[in-house]
Every structure is written in structure tokens, then in C-alpha cells.
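Remarks on the overall topology
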Amino acid sequence: MAGTAVSTFEASLDELNVGLTRTESEGFADALSAVVEEPAVGVPLEGYEGISLDDTAVETPPTPGLLERAETGVTPVGKAIAEYGSVVVDSDAAGTEPVSLYCPTHVAVLRESDVLADVTDATGYLDDRFAAGGSSVIATGVSSTGDMGALVEGVHGPKHVHVILLTDQ
Amino acid sequence: MSAQRERRRKAEKIRTLLETEGDAIQENVTHMNQARYDVLEGFDEYEDLRTEARRIKEEAIENLPELVERLRESVEANGGHLYLADDAADANRYITELAEDEEAETLVKSKSMTTEELEVNEALEEAGVDVWETDLGEFVVQIADEGPSHIVGPSLHRSREDVAELFNEVFDPEEPFETAEELTQFARDYLGERIREADIGMTGANFVLADSGTIALITNEGNARKSAVTPDTHVAVAGIEKIIPDAERLQPFVELISKTATGQDISQYVSMLTPPVDSPTIDFENPEEPLGSGDGEREFHLVLVDNGRTEMREDEHLKETLYCIRCGACANSCGNFQHVGGHAFGGETYTGGIATGWEAGVHGLDAAGEFNDLCTGCSRCVNACPVKIDIPWINTVVRDRLNGESAPSEFEFLVEGLTPDAEGTVSLQKRLFGNFDTLAKIGSATAPLSNWTTRLGPVRSLMDRFLGVAPDRDLPEFERTTLVDWFDAREPTAPNADADRKVVLYPDAYTNYVLVERGKAAVRTLEALGAHVELAAPIESGRAPLSQGMIATAEQHAERVADDLAPYLDAGFDTVVIEPSDLAMMRREYGKLLDAGTHERLSENSYDVMEYVYGLIENGADPGVLAEPDAPLAYHSHCQQRTLGVEAYTEAVLTDLGFDFVTSDVECCGMAGSFGYKSEYYELSMDVGGDLKEQFADEGDRKLVASGTSCTEHMTDLFARDVTHPIETVAPDR
């Protein structure tokens, strides 16, 4: 089941033109540097095993100035929804929500085991988070608008999204 | 204002909008409508999810008082505030006082129709607060000082060129804006600055979860996220009907709303915020300090708005409006809306088919009066609505109530005898069209004199003046020999009397008095295929009065039809109907007019004539007795026929018989019963008909075929060619 969900997720990302890098934890730093455009800001990747933003080009902790300046924002994401190619951005005190939103490029770091098949599979996770006062955003592709007479990508949110999928977590 | 002057004012307004906004509206709205069809085509769960969504909304509205209390507890437990505002003034007072307490100078908003309903921007501006709309479409209408023309896309009536001209004028850039990219880039930067300096962020809410106090916001641009999370204080404004219990109940809506709204699988951002959120405060005045390190604290206020909704909940007919999730599919699927947009097809706040329910509920009956007639009851929105609201019915009920409020005319005597006056005062125009059967009976009895008279110029200008009948529209030509006359006079009277299949053919008023040939063709075809055919009594189904909002009269018709058909049904007859709008009455609207048992029986035993032909052939009748194809066809099915899903049978029979045909895919021909006959709507109906004309523009060598009466009349005008019913095409020779 997890395997099917992951391949569906990859196909959905492809359709959305969202970049994907598959890597084991060991190769994370290289994978990250290949997709990060500087200046970059990030949220510390707590809860992930063996990877970190320390010793990378990504500056932490986020500041308002970095939100305004940075080209790339790197954050963990809680879950992914294979059917739509969505990532679930969980709000936290470290600033995942604004970092994923303000920078022109959002790099989402995701564990393969967190890929769920569909929205129904995510409702339990979401209800638990909400009950604890948490907030989440199901983010699919890049920010866009048709309000100016043609489809334009990159409005109030990111113009590019890239997912780094940790295949061994 | 005299009735004629009022009609001329309406016609003038529609004409102006067709010229100024029609093109942009049509391009944008039909695009979204097609995208909806495309995305739903591969979405097998659609019907199940609609059923589920409907059930969730029904339950939530049923349990609303309890949900409000649960939500209050949740919001307060989270550290937020919940204010239940009785009406717009109450909500605005709370919000402006809050702004004063916060010493707020500026406020940024994400798109919210409920705040449009409140006119909170005006209230805030009066209190000295600068308000900025951050959704780009809302920003455009804010700059232009206009109302939104569509529930989902407020600036859909403006083309890129329009927006560029507006921005160049207002912002006077060094290099004039030209492309959508340039305009978007400018708006993003300009509004980004407004968001960073704002003291309060205001959002609406698509859904509110009672169990956790979570609000769900669905956007593509990301502005709702930014507006909610950047200023320390977040105010969310939501109608009380937005509350559902929890995330499990949210799931069907997440799956449905973007598909029916814009034809996207899912919107870019489904933000589910449980404020005050965990995200750190952002102090742009101390740019190099880590987020959250200032002394700012997050604050949250949820303003729940009643503003008439509790009364709507207690109103048997308007209640359904509260299930609306404001996706705009009813507007997108509407032929009239596609052409004229929400500045005509809308009230003080809301636009499109469902607007009638909202406007009548929150602003009062009169607010719905100006545009209610633009719903023709074509029913194309019925299957488009993700929560299965019977939008045409809401429009009919409101029309009925508006009829009751209209003042009696001094020219009542002109239509005397035309209404059993069940509705009290009804405009002369509506009484005329609502009593088509009586007119047709007189017209037929006095034909051809009646036909000559109505062709006279002076007669037509009087009809325009007093009755609102468009002078340029060809009127139906009544036949002296009705279908009933013909049927009763023919020999032998009862072929196939001992056949297994017994049919009672329903002679609708048009078939009986005007398009008699299609009735004869139906009889010949059914008999040739081995069925025994009898004619029901020529009682108008109630469609005509219903379309004018004369519900009590329609009910009387329905009861008479049911009484007439009952003995046939007892004897095992099937009811076959030629006119799709009358079949739709029996299958759909009779559910509102008759008791459930009677409706169910009529509904289950009534068939479209081509559906029945298909069934007879499938059950072994020999199609070889029917006519062979003699010409290629261009076929336009009927709006209500397509809503019932029976147009496929016509296509199947034509295919089986080897016809070469093309079909149209416009939502409605534009005539829609009496609509296109009315002086004030004639031009709009011709404009809508333009789509069909365009589709068949290259089909000049094909015979035109249409299932509905009004489509037939309209196409005859549009193409200046003969139009026949499919049954006439397949019927065996006399």
C-alpha cells in the first residue's frame, strides 16, 4: 500500500510540475544544496533522524528579514497526500508556516513513510492535530491566480515547490 | 414606474452589460464550466460524495444551535473569542470596536462574500481604518469601486486589458502594465507591503469545525494564509451555516469544492487553522530578531454572522440555501449567467442561481426581485450543485412570493379569465405566460384568425406595451385541428388493443395546439412498434404557471393531470411525454406539488418519447418499421432533458437507425419557455442563442432537430429554417 501511494504521489507531483528528489538520509545535504538557491532560510528539522540544516547554506532560525530576502524556504512537512500531490504543512512555533509561504521557492522535506493515499487517510491525523490546537495546510503545487486575465504562478505564495523525499525514513 | 418603462429599464441595463462585460464574463465563466465537466468526468466518487456532503449539511443545519455552542467552547478553550452577531450592524460594531481597541490603522483581508454582505469595509473605513483586499480579484474590484460579479471570481467581468487600463490609471507606473505577469507581480508586491504593515488580518471561512474551533480556508493565491498569519490579530468572519463537526466531515467538501468551483482537482491551499495559531509572531520592524521574539501576542476573534440565517433555517423553502458552499457552479452552468454575469444576475451581494436564496434570506425579498426572473428554470445547475440544492425551486418560490407583493395593474381586464387568481396579484405578463394553455385553446379555436391578428404591427406594439411580449419575436402559430381532434377522428381507433405495451400519450399544450405534427408522429411511431396508444386529456402540466412563480395554479394543474392519469396507471399503462419540460414536471417538480406517493408513481411510470422508443426496440420491437435516414441531422437536446439524463436515448435511437448527426453542447438554447418572448429579455435570449447558432454555423446542410418546444421556436428564429422533433424524423410514413 505504501509503495502504491508513493508512486501515485510521484506521478501527481510530476503532473503539478513540482520537483522531486529521492534520497536516503545520508545524501540529504547534497540533495538539498542541489535545489537551494541562496539566500535560504529554514526551520530546523527536528524529529528527523540523521539529517540537519546545520552546515548547509540554509540559515536558521527564521527572522522577518530572512522571510523577505530569502529565495528559498526549507521546512519539514507532516504528511503528503498521494492522490493530489499535496504536502501537509503543519504550523509550529519554529515558523514552518511562514517559511513555506513567503519565499519564492519552498523546499519540503518529507519522510516516505508519511505519504498517505488520500484525504480520507489524513483525517485522523488532522483531527488529532486540531484537537491539540494545531493547524495544517494542505498545499498542492504552487501559488497561482487567474485574476489578471491569464494564469500566473507565484502570487502571495511560492512560485516553485520542490519535495525532498527521504526514502529510508 | 409603469410596467413597460420598468421592462425597458431592465432591457437597457442588460444591453449595456452585454456590451461592456459580456465578452469577458462569457470567456471566463464558460472556461470554468468546461473545466468542471472535465475534472468530474474522471471522478467516480462524485455522486457518492455529493450525497454525503448533502447529508452532512442537512445534519449540521439541523443541529446548528448545538454546534454553535460546541464551537464557542472550542474557540474559547483555544484562547480565542467568539462573537455571535445578530445582523450586519451588530457584526460591524464588534469589528470596528475591536479595531479601535487595537488602535489598528490598517487591516488586510482575504476574499470573503460574508464580509461583502456586511459591507464591513465601509464600516471600517468610516472608523478610520485602511482596508486592503489581498485576493487579486477582490483587489481589482476594490480599486475599481465595483461589486463582485461572481461568487468565486469577483473580477471575472474584466479582461486583462481592462485591468491593465485600470491599474495604469490608478497607480501611474513608470512603465505601463501590459501582461498578466506584470500586473500580478505589481499586485503581489504592493499587497505584500500592505500585509506586512497591517495591524489586523481578516479572513472569511469556507468551513468551521465545531469540535476544535478550526477554520478551513480554500484559496489558490496564498493570501488567506498570509493575511491570517502575518498580523498578530486575526479576525475570521463566517455565516453560522459554515459550521460542521470535524475533519472527517470536512473531507467530502475538500474533495468537492475546487472541482465544482474552478474545475481543479483541489485548490492550492486548503488552510485549516486553529487560531490563535502556533506560528510565531512576525515583527517586520525588527527584521533580524528571530520570529516570535518580540512581545506581540496572537489574538483571535471569530465573528459568527446570523443576519437572517436563523429565519432561513426555519423557512421550509429557503432553508436549503444554507447548505450552499458558494462554489459558483450554479452560475457557471447557467446560460444567462454566462452571457450577462453577476452585475445583472445578482443582488446586493450574491450572484448566480443560488443568489436568489441568499438575497431573499439576508437582504430581504426585494433584493432578489431585480434579478430573479433571470433564472429560467432550465435546471442545468441542479446536477452541478455539489450539495444537491434544488436551485430552480428556490427561484420559483421566491418568484411566487414576489408575485404576491406586486401591485394590481389597472389593465387587469386584459388578462381577465386567464388566472384562477390562486396567487392573488400577478403581473399581466406573468399571468399571460402562466396561462399558455388557455391562450392556446382560444388561439386554436379561432385559428387562423388568431394567427393573422398576432402578426399585425399595431397588435404587437400593444402586446409589448401592456403584456411585455417582445415585438420582434415570432409567436406560436395555433393549429385549428388539435392533436386530440385528430386522434378522436381517426380510424381505426384502437390498433394493437391487445398489445402487451399500453401507452397513454400526454398531449402537452404545445403538442396539442401548435406542434401537432410531432404528436401525430409519436402516435404513428409507438403504434408501428406494437404499442397500444391512447391520449390523455389535454391538461397543461403546470410548467407554464410554475415558470411564472404561480405555484398554487401549478399545483392545481398537477392535481388534474395526476387525476386524469391515475386510471391509466391502474390499468398498467405507461405515460409517454413528448415535451421534455413536462416530463421534468412529472419526474422532478411534481415532487414539490403532489403528495409523495402520487409523485413517485407518476415519476416512475413516465417516459420521454424517444426513451420509450428505445425501450420498445431493446425489448424486441422491429426498428425496421421506422423511417430510414433521409438527411444528416444537427440535434439540440433540451436543458431539462439533459438534467434528467434522458437525452442519451434520442442519440441512441438515431445511432441505431443509422442517422448521421451532430449534437450541440450548450447549456440552454436561451429561449427557456416564456423567457425569450418577454420584451425585457428578448435580446439576452438572442445573445444566449448565439452560442447554439455558432455551434451549428457550419451545419447548413443538416436538418435541424430539437426535443423541446421553446428550443424549436428559438432555433426557427435563429436559423430561419424549419426545426422538427426527433420523433418526426424516425416516424414511419403516414
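Just so you know, these numbers come straight off a predicted model, no measurement behind them. (Residues numbered from 1 in each chain as written. Chains lettered and ligands numbered in written order. Predicted model: local features only at pLDDT ≥ 70, side-chain atom pairs only at ≥ 80, totals over all residues. Heavy atoms only, no water.)

For chain B, the count of helices and strands is 35 helices and 18 strands. At 28 Å, chain B has a C-alpha radius of gyration in line with the 27 Å of a compact globule built from 734 residues. Projected onto its principal axes, the C-alpha coordinates of chain B cover approximately 100 × 50 × 50 Å. Burial analysis of chain B (734 residues in total) assigns 62% to the buried set. For chain B, restricting intrachain contacts to residue pairs at least 6 apart in sequence, the fraction spanning at least 24 positions comes to 77%. Surface exposure of chain B reaches about 27,300 Å², of which carbon and sulfur atoms provide 45%. Placing the 63 positive and 143 negative side-chain charges of chain B at their respective mean positions leaves the two points 6 Å apart. (Helix = DSSP H or I, 4+ residues; strand = E, 2+ residues; numbered from the N terminus. Rg over C-alpha atoms; globule rule 2.2 N^0.38 Å. Buried < 20%, exposed > 50% of the residue type's maximum accessible area, 1.4 Å probe, protein only. Contact = heavy atoms within 4.5 Å. Areas by Shrake-Rupley, 256 points an atom, 1.4 Å probe, with all protein chains shown as cover. Lys, Arg positive; Asp, Glu negative; His and termini not counted. Charge placed at Lys NZ, Arg CZ, Asp CG, Glu CD.)

Before going further, it helps to examine the packing of helix 3 (residues 46-62) of chain B against helix 12 (residues 247-262) of chain B. The packing of two helices is summarised by the inter-axis angle and the distance between the axes. Residues and elements named next belong to chain B. At a closest axis distance of 9 Å, the pairing of helix 3 and helix 12 adopts a crossing angle of 120°. In terms of orientation, helix 3 lies oblique with respect to helix 12. Crossing angle aside, the handedness with which helix 3 passes helix 12 is left-handed. In contact with Tyr 46, Leu 49, Arg 50, Glu 52, Ala 53, Ile 56, Lys 57 and Glu 59 of helix 3, helix 12 contributes Arg 249, Gln 251, Pro 252, Phe 253, Glu 255, Leu 256 and Thr 260. Of the residues in the contact of helix 3 with helix 12, the class split is seven nonpolar, two polar and six charged. (Axes fitted to C-alpha atoms, helices over the stretch in contact; angles between N-to-C directions. Parallel < 35°, antiparallel > 145°, perpendicular 65-115°, else oblique. Left-handed = near helix turned anticlockwise from the far one by under 90°. Nonpolar A, V, L, I, M, F, W, Y, C, P; charged D, E, K, R; others polar.)

Okay, the side chain of Ser155(B) next. For Ser155(B), the location among the structural elements is in the loop between helix 8 (136-144) and helix 9 (160-171). The exposure class of Ser155(B) is buried, given its relative accessible area of 4%. Those residues in contact with Ser155(B), other than ones at most four positions away along the chain, are Asp147(A), Gly137(B), Val140(B), Val141(B) and Ser149(B).

A few words now on the domain arrangement of chain B. Residues and elements named next belong to chain B. Domain annotation for chain B reports domain 1 (1-42 + 324-405), domain 2 (54-307) and domain 3 (483-730). Using C-alpha coordinates to define each centre, domain 1 is positioned 26 Å away from domain 3. Counting each side, the surface lost to burial between domain 1 and domain 3 is near 2,700 Å², with a carbon and sulfur contribution of 54%. Of all residues in domain 1, His 339, Arg 380 and Trp 393 give up the largest surface area on contact with domain 3, accounting jointly for 22% of the area buried on that side. The interface formed by domain 1 and domain 3 includes three salt bridges. With a closest N to O distance of 2.8 Å, Arg 380 and Glu 667 form a salt bridge. Our enumeration of links across domain 1 and domain 3 arrives at 16 residue pairs in polar contact (both at pLDDT 80 or more). (Domains from an automatic or database assignment. Buried area = accessible area lost by both parts, 1.4 Å probe. Salt bridge = Lys/Arg side-chain N within 4 Å of Asp/Glu carboxyl O. Polar contact = N/O pair within 3.5 Å; in protein donor to acceptor, adjacent residues only side chain to side chain.)

This paragraph deals with unusual backbone geometry. In this chain, Pro275(B) is followed by Pro276(B) through a cis amide linkage whose omega measures -5°. Within the secondary structure, Pro276(B) is located in the loop between strand 9 (269-273) and strand 10 (299-305). With an omega of 5°, the peptide bond between Ala447(B) and Pro448(B) qualifies as cis. The backbone phi angle of Asn17(A) is positive, close to 60°, even though this residue is not glycine. Of note, Asn17(A) is situated in the loop between helix 1 (2-16) and strand 1 (19-23). Although it is not a glycine, Arg326(B) adopts a positive phi angle of roughly 60°. Within the secondary structure, Arg326(B) sits in the loop between helix 13 (309-313) and helix 14 (329-332).

Once that is clear, we can look at the interface of chain B and chain A. The partner chain A presents 52 residues to the 59 residues of chain B that form the contact. Interface area for chain B against chain A, summed over the two sides, is near 4,700 Å², with a carbon-plus-sulfur share of 58%. It is Arg188(B), Arg225(B) and Met272(B) that lose the most area in chain B upon contact with chain A, and together they represent 15% of the buried surface on that side. Counting the contacts that link chain B with chain A gives three salt bridges. Between Glu97(A) and Arg225(B) there is a salt bridge, and its shortest N-O distance comes to 2.6 Å. Viewed at the interface, chain A and chain B are joined by 30 residue pairs in polar contact (both at pLDDT 80 or more). Elements represented by at least two residues in the side of chain B that touches chain A include exactly helix 8, helix 9, helix 10 (180-197), helix 11 (223-229), helix 12 and strand 9 of chain B. If one sorts the elements of the side of chain B that touches chain A by residue count, helix 10 of chain B sits on top with nine residues. Grouping the constituent residues of the side of chain B that touches chain A by class yields 25 nonpolar, 17 polar and 17 charged.

Residue and element names in this part refer to chain B. Taking 1.5 Å of rise per residue, the 14 residues of helix 5 (residues 88-101) would be expected to cover 20 Å, and the 20 Å separating its terminal C-alpha atoms lies within 8% of that figure. When we look at burial in helix 5, the residues that qualify are Ala 88, Asp 90, Ala 91, Asn 92, Tyr 94, Ile 95, Thr 96, Leu 98 and Ala 99. Structurally, helix 5 contributes buried residues whose contacts are with strand 1 (81-85), helix 6 (113-118), helix 7 (120-126), strand 4 (200-203), strand 7 (233-239) and strand 10. One side-chain oxygen of the residue at the start of helix 5 lies 3.3 Å from the amide nitrogen of Ala 89, identifying that residue as Asp 87. Positive backbone phi, approximately 50°, marks Glu 103, located one or two places after helix 5. (Expected span 1.5 Å × (residues − 1).)

The next point concerns the sheet that holds strand 18 (residues 723-724) of chain B. All names here are of chain B. Strand order in the open sheet made by the four strands is 16-15-17-18, with parallel pairing throughout. Strands with a single pairing partner mark the edges of an open sheet, and in this sheet they are strand 16 (661-663) and strand 18. Inspection of the sheet shows strand 17 (residues 703-706) paired to strand 18 by two bridges, in the parallel sense. In the strand pairing of strand 18, Leu 704 is matched with Val 723. Against the sheet, helix 34 (residues 709-719) touches strand 15 (633-636), strand 17 and strand 18, its axis set at about 150° to strand 17. (Pairing = 2+ DSSP bridges.)

Here the focus is the pattern of salt bridges. All names here are of chain B. Under the criterion given, the structure shown has 52 salt bridges over all chains. Where Arg 72 meets Glu 76, a salt bridge forms, and the shortest distance between an N and an O atom there is 4.0 Å. Placement of the pair is Arg 72 and Glu 76 together in helix 4 (residues 64-77), with a separation of four residues, close to one helical turn. For Arg 72, a relative accessible area of 23% puts it in the partly exposed group.

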